Structure formats: C-alpha cells, structure tokens
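One letter stands for each residue in the lines below.
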Amino acid sequence: GDAVEQGEVLARLDTRRLESRLAEVAARSEEASASLALAQRQEGREAQLNQSNFASRTALDQARTDRLTLQARLAALAAERDSLTADLEDSTLKAPFAGRVVERHIDVGGFRYRGYPPLRSAPWLASPASGDVHHGGVRDAARKRPAHHG
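Residues numbered from 1 in each chain as written. Predicted model: local features only at pLDDT ≥ 70, side-chain atom pairs only at ≥ 80, totals over all residues. Heavy atoms only, no water.

### Digging into the confidence of the model for the chain
Close reading of the predicted structure is inappropriate where its pLDDT is low.
Consideration 1: Of the residues in the chain, 68% reach a pLDDT of 70 or more, and the chain-wide mean stands at 79.
Consideration 2: Contacts from residues 117–123, a stretch scored under 50 in pLDDT, to residues over four places away or in other chains number 22 contacts.
Consideration 3: Segment residues 135–150: pLDDT under 50, and 17 contacts once partners within four positions in sequence are set aside and those in other chains are kept. (pLDDT = per-residue confidence, 0-100. Contact = heavy atoms within 4.5 Å.)

### A few points about the pattern of salt bridges
Consideration 1: A complete count under the given rule lists 7 salt bridges for this structure.
Consideration 2: In this structure, Arg64 engages Glu43 in a salt bridge whose closest nitrogen and oxygen atoms are separated by 3.0 Å. With a gap of 21 residues between them, Arg64 in helix H2 (residues 57–89) and Glu43 in helix H1 (residues 16–51) connect regions that are remote in the sequence.
Consideration 3: Of the charged contacts, one joins Asp61 and Arg57 as a salt bridge, the two residues approaching to 3.5 Å between their closest N and O atoms. On the criterion of helical spacing, the pair formed by Asp61 and Arg57 is a turn pair, its members being 4 residues apart in helix H2.
Consideration 4: Residue classification places Asp61 among the partly exposed positions, given a relative accessible area of 35%.
Consideration 5: Among the charged side chains, a network of salt bridges with common partners joins Glu24, Arg28 and Glu80. (Salt bridge = Lys/Arg side-chain N within 4 Å of Asp/Glu carboxyl O. Helix = DSSP H or I, 4+ residues; strand = E, 2+ residues; numbered from the N terminus. Buried < 20%, exposed > 50% of the residue type's maximum accessible area, 1.4 Å probe, protein only.)

### Structural notes on the environment of Val101
Consideration 1: Checked against the element boundaries, Val101 lands in strand E4 (residues 99–103).
Consideration 2: Relative accessible area serves as the criterion here: at 4%, Val101 is assigned to the buried category.
Consideration 3: When the C-alpha atoms of Val101 and Ala3 are compared, they prove to be 6.4 Å apart, with 98 residues separating the residues in sequence.

Now the structure itself:
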C-alpha cells in the first residue's frame, strides 16, 4: 500500500452541489443586505415623519418590522453559509496519522449511490509506529482529526 503522512488527503468528495448552494446563499445574502439598507433608510424617514406628526405610528411599526425581518433573514443565511462551509471542509478525508494504506474501498472517479456513505469503510491504515491496523470511515476519521480554529 501507499505510505501517507498525517494530514495527507486520502479522498475528496464531489462538492459541486455544495459550492453551488454556497454561491446561492451568497447571492441571497447580498440581496437581503441591499433590502436591509433600504429598510433602515425607510425606518429613519418614518421615524422623522412620526416625530413631526406627518406619519402614523403604524407606518413606523411596519418599517421596524421590515428591518427586523431582514436582519433575521441575514442571520439565517449566515447560519446556512456556515453549515455549508463546514460541509465543504468535511468533504476531504485526511489521514489522521502517518501510516500505510492497506486497503481502499473506493477508486479514483468512483461513485456512490444515494443513501450510501461516501466511503463505507475506507481506508485501513497501518501505523508504522505501533504496527496496529486502524479502520475508520469518514466520520471516524473526522472525529480523530484536530478541530479547526479560526
């Protein structure tokens, strides 16, 4: 089998759909940001008119509601962006330690059927330090991988 260093890429998933969804979230965020800027200006105008008794309290309340709704939409889009970004980061399986690949269960260009994990039991790694053979799927390797900070 192939020798690998800790952190070396063992497998990459097709991320085109994730990247497309991330681009869509970015576009929706830009649209919501522009709408929020308009809503903030409208709320300021309504507040001034309300102070001068030229606008109803209802109009001011509606302007505030519009602003708050758009702020909530932006927060939801930011959370969706963060989730998609984490999924993109998790789409690369890296060796949790230096070792030798003993067995692979997927080939370059291989595919999986919907509902099956991307790598059912890939790969077996033998640690040169201990001679132990470690087995783990994508989730097992991800749990052993150090967390990203930053």
